[in-house]
Every structure is written in C-alpha cells, then in structure tokens.
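Here are the chains, one letter per residue:
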Amino acid sequence: MEKQEPVTPAGRLFLQEEMNTVINCVIGLKHPIDEYTIKTEMKNSIMLQHARFRSVLVKDKEGREYWETRNGLNIDKHIFLVKDIEKIYGQGDDCKNDDTTLVNSYLADLSVSTPLDISKPLWELHLLKEQKCVILRVHHALGDGISLMSLFLAMCKKVDHPDQLPSIPTSSSKKDNNKSTSKSSMGKKVRKLLMAIWCTMVYAMELLLRTLFVKDAETKLSGGSGVELWPRKAATARFRMDDMKSVKNAMANTTINDVLFGVVSAGLSRYLDYHKPSNSKLQEGLRITGLGMVNLRKQHGLQDMSELVKNKPLSSWWGNKFGFILLPIYHHKNVDNDPLQYVRRAKAMLDKKKLSLEAHFSYTFGNLAAMLLNYRVVCNTSFTISNVVGPQEEIMFGGNPVTSFRVTSTSLPHALTMHMVSYAGNAELQILVAKDIIPDPEFLAKCFEDALLEMKDTINDVLFGVVSAGLSRYLDYHKPSNSKLQEGLRITGLGMVNLRKQPGLQDMSELVKNKPLSSWWGNKFGFILLPIYHHKNVDNDPLQYVRRAKAMLDKKKLSLEAHFSYTFGNLVMSLLGPKAAMLLNYRVVCNTSFTISNVVGPQEEIMFGGNPVTSFRVTSTSLPHALTMHMVSYAGNAELQILVAKDIIPDPEFLSKCFEDALLEMKDVCTASLYT
C-alpha cells in the first residue's frame, strides 16, 4: 500500500513557483568515474532506504501537497551521463577550459533552466566523466543542507579505513558549569536575559519591516522581484581552514562564522569600491543586508544518519529545520590598515544575533505566513549566505576518493548567493550571481580570498606588536632609578622568514616518496631587521603598538630584504667560504638585540607514539643575543619560548608576563570597542 504524508510548511514554501529551490552539490572525485559502480552504490545506499527519496509529490482535491512513497524506483531515470560540456561551455576567446570553470558554467545553467521532474522522486545525479565529478541535485522541499550533508556522509567511507563510515563533525558548545549563585553571577544572568529579550524584539521588528517596505539601497549587488529568472554565472572562492583558524585564534571567543562573515564584509566592501561610478563616491557606512541560514536542531552540526534512518521516525529529525537572520554589512573603505576590524564588527553583530531568538521567530513566522512574506524578505535584501561543516577527513564515494565539495542552490530573487562547505582542511565558497548584474564573480571570489590572506598576515603584526609592548614595559621597569629611558629608543631584532614557494608547513609523507631531497629540504629562510621603539606614552591605547608593527611589516613584505639576506649569504659562502659567511652573519647578530620566529603548528590535537601531545615549545642553542624568542601554535594555543643570558636578563619569567599582559590589554581594548 502506498503511504502518504503531508508536505511540511517549509517544504511547501520551496515548492512555490517563485521560491522553487533545488540544492546542487558538486562532488569532485580523484579517479575516473565508473558509471556502473556509481549506479550500484546508489542502489545499495542508505539514501534509497529513506522514504523521501522514494516519494513522489502528489496533490489532493484541495490542492494540498503530499509525499506518496512508492516501491520499485528506476535508478536509470535519476542518473544522467553528461558529455561534451567542454564543447558547449569552452567556446570563445575569454573562456577558460579548466574543469572548475566548465563545471561552474554547467552549474549556472542548471540553476535557472533545469527544474526537477515532479512525476518522479525529486532528486538526480549528473555524472561529468571528463571533469571527474558528480552533481547531486535534491529539491529543497526534501530537506535542508544539514540533512543532506549528513545523508551523503552516511553513503561514504573513510579513505584510510574503507570499512568505516566518516566521522561526524561536531560543534563544540561551551557550557557554563559555574553553579555560583553569587549576586554578581545572578546579575550577569539577568542582564543577559534582558539583552536577549531586547535583541529579539528589535530584530523581530526589523524582520517584519523587511517584509513590508524597508529595503536595501540600490547598489551593484541589488536583485529584486523577477531576478530569480535571470541568467546565472558561478565562481568559487577557496580558503584554507588553517588560515581561517589562525584569524579565529587571534581574537578571543571568535568562531569560524565570525571570520567568514568578516571576510565577506571585507570582500564586498572592496568589490563595491572597485565598481563605484567614476564620478561619485560610495557612502561610508552604506548598508547591505544579507540573509543567513541558521540550523535550529537541538543537536548542532551534522547528524549520524546511519542510525537515524533505522531507528527514528522521519518527522523527528529530517526536513527543513532552519530559520534565517538578517546580516547587515556596512561598506568601509577606511579601516586604519587593520582588516581584522571587519571580523571584530562581524563578531559584535553575530554575538547579539546569537542572544536573540530571531532565527526561531523567522521559522515560526514563516510556517504561519508562508511564501509571500518570505519572498518579500528576499526581495528587500541583497544576498544569501550559508555555511555547512563538511567531513574533516578524506572520504570515498563509490570507492573513489572525494577531492572537493561545492554547494549552491537554484535561483532566488537575490543577485548574489553564497554557500560555504568545508572539507578535509579546505573550504570552498560557491558564488552564484545574476550575470547581468554581477558580470565578474571571479573577481568577487578573489576579493574574498585576498581579504582572508590580509587578515592572516595581520597575525604576525599582532605578535610583533605584543613583543614591542612587552619589551617597552620590561625596559621601563628596569630603567636606572635616577634616569629616564629615552622616548623612541630603538631596539633591533632579527626575524626569520620562510622563503619556500609554498608558505607554511609541507606534506612530508608525499615529498619523501616523490621529490628529490634538494628541492624541498634544508635551511631556506632569510632574515629581516625588526626595529622596536620604546614608548611609554601610548595614550592608553596599547593597539598603537600593533599599528606601528603593521606599518613597519607591510613595508618589509613589499621589499626583498629576506631574499637579499639569503642570496648575499650564499654568495659570500660561494666566493669566500664558510668562515667569511659565518663572520658576516655573526656580526649582524652581534649588532642587534634579539631573535624572533613564528611557526604555525598543528591546529588539531595529535599523538606521538600513541600518546596525546599537550604542548609544543621550541628554542635554539645560544647566539650572541641575550634574548631569543620562538613561537609555535598548537591546537588553539600558542607558546612563546624565551631564552636569555641570565647574567643580563635575570628574570625571563617577568619578561614573559610583560608579553602576556600586553596581549590581554590589547584584547580588553578590542572587546570594549566592540560594544561602544
């Protein structure tokens, strides 16, 4: 007997003509695609045990939609072999024939011209054999991104353990275990409750006004009613998760979503500034509003579908269980050469959003008011953005290792939609635009990528700012009692700079097997002179140390000083021998005051010999310097190892506290500025 189940209110919303939405997931594969293997894998997959993927959409006499579960699914009606897309999309002088561009072109056409056939279950799998990727198309009425990613993981296996399902990424939520009932603790809870009530009221009212008449000012990014039918163009911005985590760890209590929204804010400001009319100037603080998707399930993150499909009723865990929040971005050109300001602003705004019940309000309100009001909200905002945490280790689909994940959806009235998925240490932000409004999404993608790299580069600025502040404090404490240290006194250090083409750490497991030793191993670094100026009076603004450090390091990055020091040292070694090279370098060390280096260590916890590693600290044997400092980060922490000549600097513990206090003061200033 065929079973019928009513379509949920959220599912009905996505079936309306104006909001008819299909999720397209591009899965890159390492090896050539075997069509028979893919079909066999799909037939035996947990996906086809799921009732929704065997159900057809039907309507009763009153026009109400139902899912009708049927037996005997014909897999050949859902899997399509796509050929010769290079001939279709690789024409023209300005066309690139790389696989990513070709797949993005195909994806852009799917988003406007290829709806799913409602006479069969609402999903398809497109096989692009030449590009070694598959595109899984699932109607949004079946479920949201969290549901679909969880289901796909249950169809895959680990690369390094082919008999095991992938690990489910979890979202760590910090719980307050402090049961104190002190007045101060109770006061904080009351203030937080009042803040939550206030924020909910303000954001709910703003959401209601957006459904009526409030809308963004016209910009280069503006869409509107009917834009969902316009031709599309797609591009991909790629990020390293290590870079995002570096920025995240640089600021207290910051999340990857804070960093992502800071990157988007910086990138959109740069894009708008580039495209401003030649005879006018963009208003500083111009507001652009986006819609952010928020998972409302009790369990954050992905779910273990292998258990849920077998043991739980479908309605308790599957479907579209998300709300949306308004995400304001303000165009800023002047950020005092500090790109991290975008992240600070994003964090301040998102912290208030998290306190509120705006996402729950939008979900409940949407269930009551349905399509028309939701469509109005989309028309009166400028972009959509979502972020789904994907698998953290490499996985296989049908025995073929997965190389990448990209997700987008079919067209909305927005001219710009962005969906980010992380996978195995990388993250890809898939950008879909109305190409008659935003003709250059590749440039927009580069704006986002450059924004993150600039923020990451700022981390070294923070470190050197902390060192500058700490050394100034230490020198001031130890000045002779009857004298005064000269304001602006210069102390010069040596900083080590990695000169390899690939920045950061390298994958030794591959290099040892496949590359000649001389091409990757050895001492490939130069050094730069790092001047520090003693300042006692900074007008109660310790961030001045970071600004000075950034201004100096920006000039150093522009120069070839590190390459010059490396090349000059090699030249002296070749012409005059090691003794002369040693003497030259020794003189430089003798004529400066300290050495400093910074190495990015592992971001997650690791084991050595089966024993979990708790910390990393690095130092080197003695140089003529009385002070050497080496910093290594590990699993969310960083340790600066200080080595001193104890007859010159007898209290390195006090010096380390100077550095720690300097960072905490900078953090306090940043935190205070967020809420003023």
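As the structure is a prediction and not an experimental result, all values here were calculated from the model.

Before going further, it helps to spend a moment on the overall build of the chain. Scanning the chain from N- to C-terminus turns up 18 helices and 23 strands. By residue count, 48% of the 676 residues in the chain fall in the buried class. Contacts in the chain between residues far apart in sequence, at least 24 positions, make up 79% of those at least 6 positions apart. For the chain, the computed accessible surface area is about 35,100 Å², with 56% contributed by carbon and sulfur atoms.

The next thing to look at is the pattern of salt bridges. On inspection of all chains with the given rule, the structure shows 24 salt bridges. The partner of Arg287 in a salt bridge is Glu206, and the shortest N-O contact between them spans 2.4 Å. Of the two residues, Arg287 sits in strand β10 (residues 287–295) while Glu206 sits in helix α6 (residues 183–212), which places them 81 residues apart along the sequence. One network of salt bridges, with partners in common, ties together Asp258, Lys347, Asp351 and Lys354.

Time to look at the packing of aromatic side chains. Following the criterion strictly, the structure yields 11 aromatic pairs and no others. With 5.5 Å between their ring centres and 90° between their planes, Phe152 and Phe405 make a pair best called edge-to-face. On the criterion of sequence distance, the pair formed by Phe152 in helix α5 (residues 145–153) and Phe405 in strand β14 (residues 400–409) is long-range, its members being 253 residues apart. In this pair, the class of Phe152 matches that of Phe405, namely buried. These aromatic residues form a ring-pair network of at least three members: Phe152, Phe397, Phe405 and Tyr423.

One open sheet holds the six strands; their spatial order is β9-β16-β15-β12-β10-β11, and the pairing between them is mixed. Strand pairing shows two members of the sheet lacking a second neighbour, β9 (232–240) and β11 (322–330), which therefore form its edges. Across this sheet, the average inter-strand angle for adjacent strands is 20°, counted without regard to direction. Of the strand pairs in this sheet, strand β15 (residues 416–423) and strand β16 (residues 426–434) are connected by eight bridges, and their pairing is antiparallel. Of the residues in β16, the one forming a bridge with Tyr423 is Asn426.

Once that is clear, we can look at helix α2 (residues 35–43). The set of residues buried in α2 consists of Ile38, Lys39 and Met42. In a view along the axis of α2, the buried residues occupy a sector of 95°, so they form one face of it. Of the exposed residues in α2, those oriented more than 90 degrees away from the buried face are Tyr36 and Lys43. Buried residues in α2 make contact with β5 (79–82), β6 (123–128) and β13 (395–397). One side-chain oxygen of the residue at the start of α2 lies 3.0 Å from the amide nitrogen of Tyr36, identifying that residue as Asp34.

Attention now moves to the sheet that holds strand β4 (residues 65–69). Pairing is antiparallel in the open sheet, where three strands are placed in the order β1-β4-β3. The sheet is open, and its two borders are formed by β1 (3–6) and β3 (55–59), each paired with just one other strand. Averaged over all pairs of adjacent strands, the angle between strand axes in this sheet comes to 35°, irrespective of strand direction. Sheet topology note: the β3/β4 ladder contains five bridges and is antiparallel. Along β4, the bridge assignment pairs Leu57 with Trp67.

For His332, the position within the fold is in the loop between β11 and α10 (340–355). Expressed as a C-alpha distance, the spacing of His332 and Ala266, which sit 66 residues apart in the sequence, is 8.1 Å.

Tallying each qualifying case throughout the model produces three cavities of 30 Å³ or more. By volume, the largest cavity is sized at about 60 Å³. Contributing to the lining of the largest cavity are Lys215, Asp216, Ala217, Glu218, Ser222, Gly223, Cys379, Asn380, Thr381 and Ser382. Looking at the lining of the largest cavity residue by residue, the classes come out as two nonpolar, five polar and three charged.

Looking now at the packing of helix α7 (residues 241–249) against helix α8 (residues 256–274). At a minimum axis separation of 9 Å, α7 and α8 run at an interaxial angle of 100°. With respect to α8, the element α7 is oriented roughly perpendicular. Taking contact as the criterion, the partners of Met241, Met244, Lys245, Val247 and Lys248 in α7 are, on α8, Ile256, Val259 and Leu260. Residue composition of the contact of α7 with α8, grouped by class: six nonpolar, no polar and two charged.

With that settled, consider the side chain of Thr219. Its location among the elements puts Thr219 in the loop between α6 and β9. Classification of Thr219 as buried rests on a relative accessible area of 16%. Discounting chain neighbours no more than four positions away, the residues touching Thr219 are Leu272 and Leu286.

What follows deals with the confidence of the model for the chain. Model confidence for the chain is summarised by a mean pLDDT of 83, while 87% of its residues fall at 70 or above. Per-residue pLDDT stays below 50 along residues 172–180; that stretch engages in three contacts with residues further than four places along the chain or on separate chains.

Turning next to the nonpolar core. Residues Phe239, Leu416, Ile431 and Phe448 are the most contacted members of the largest nonpolar core, which totals 50 residues. In terms of residues, this core owes the most to one element, α8, which gives 10 residues. Once you skip the residues sitting within four places of it in the chain, Ile431 turns out to touch Lys233, Ala234, Ala235, Ala237, Leu416, Thr417, Met418, Pro441, Leu444, Ala445 and Phe448.

Positive phi is not limited to glycine here, since Asp84 has a value of about 60°. Its location among the elements puts Asp84 in the loop between β5 and α3 (85–89). Under the relative-accessibility criterion, Asp84 is labelled partly exposed at 33%. Although it is not a glycine, Ala424 sits at a positive phi angle of roughly 50°. Its place among the elements puts Ala424 in the loop between β15 and β16. Judged by its relative accessible area of 26%, Ala424 is partly exposed.

This paragraph deals with the packing of α8 against helix α13 (residues 441–477). At a closest axis distance of 8 Å, the pairing of α8 and α13 adopts a crossing angle of 125°. Relative to α13, α8 is oriented oblique. Note on packing geometry: the crossing formed by α8 with α13 is right-handed. Of α13, the residues touching α8 (which contributes Val259, Gly262, Val263, Val264, Ala266, Gly267, Leu268, Arg270, Tyr271 and Tyr274) are Phe443, Leu444, Cys447, Phe448, Asp450, Ala451, Leu452, Glu454 and Met455.

About the thresholds
- Position labels on residues start from 1 in each chain and follow its written sequence.
- Totals for whole chains, interfaces and linings use every residue, but because this is a predicted model, local features are given only for residues with pLDDT of at least 70 and side-chain atom pairs only at 80 or more, for both listing and counting.
- Values shown for side chains rest on all heavy atoms present in the structure; no hydrogens or waters enter the calculation.
- Only DSSP runs of H or I with at least four residues qualify as helices, and only runs of E with at least two residues qualify as strands; both kinds are numbered from the N terminus onward.
- Type-normalised accessible area, obtained with a 1.4 Å probe on protein chains alone, sets the label of each residue: buried when under 20%, exposed when over 50%, and partly exposed for intermediate values.
- We call two residues contacting when some pair of their heavy atoms lies within 4.5 Å.
- Per-residue and other accessible areas were derived by the Shrake-Rupley procedure at a 1.4 Å probe size, with only the shown protein chains allowed to occlude residues.
- Put simply, a salt bridge is a Lys or Arg side-chain nitrogen that is within 4 Å of an Asp or Glu carboxyl oxygen.
- Side-chain rings of Phe, Tyr and Trp (the six-membered ring for Trp) are treated as a pair once their centres are within 6.5 Å; stacked means planes under 30 degrees apart, edge-to-face means over 60, and tilted covers the remaining angles.
- Strands pair, by our definition, only if DSSP identifies at least two bridges between them.
- For every element, the axis is a line fit to its C-alpha atoms; helices are fit only across the contacting stretch, and the angle between N-to-C directions ranges from 0 to 180 degrees.
- Arc definition: directions from the helix axis to the C-beta atoms.
- As used in this structure description, the phrase polar contact means that two N or O atoms lie within 3.5 Å; if the pair is within protein, one of them must be able to donate a hydrogen and the other to accept it, and residues adjacent in sequence are counted only when both atoms belong to side chains.
- Space inside and on the surface of the protein is sampled on a 1 Å grid over the protein atoms alone, with a cavity defined as a set of points where a 1.4 Å probe fits but cannot get out and a pocket as an open set with protein on both sides within 12 Å along at least 5 of 7 lines; lining residues have an atom within 4 Å of a point.
- Grid points are joined across faces, edges and corners, and a volume is the space filled by probe spheres set on the points.
- Residues are sorted three ways: Asp, Glu, Lys and Arg are charged, Ala, Val, Leu, Ile, Met, Phe, Trp, Tyr, Cys and Pro are nonpolar, and all the rest, Gly among them, are polar.
- An angle below 35 degrees is treated as roughly parallel, one above 145 as roughly antiparallel, one from 65 to 115 as roughly perpendicular, and anything else as oblique.
- What pLDDT reports is the predictor's confidence in each residue, on a scale of 0 through 100.
- As used in this record, nonpolar core signifies buried Ala, Val, Leu, Ile, Met, Phe, Trp, Tyr and Cys residues forming a set joined through side-chain atoms within 4.5 Å.
- In this scheme the crossing of two helices becomes right-handed for a clockwise turn of the near helix relative to the far one and left-handed for an anticlockwise turn of less than a right angle.

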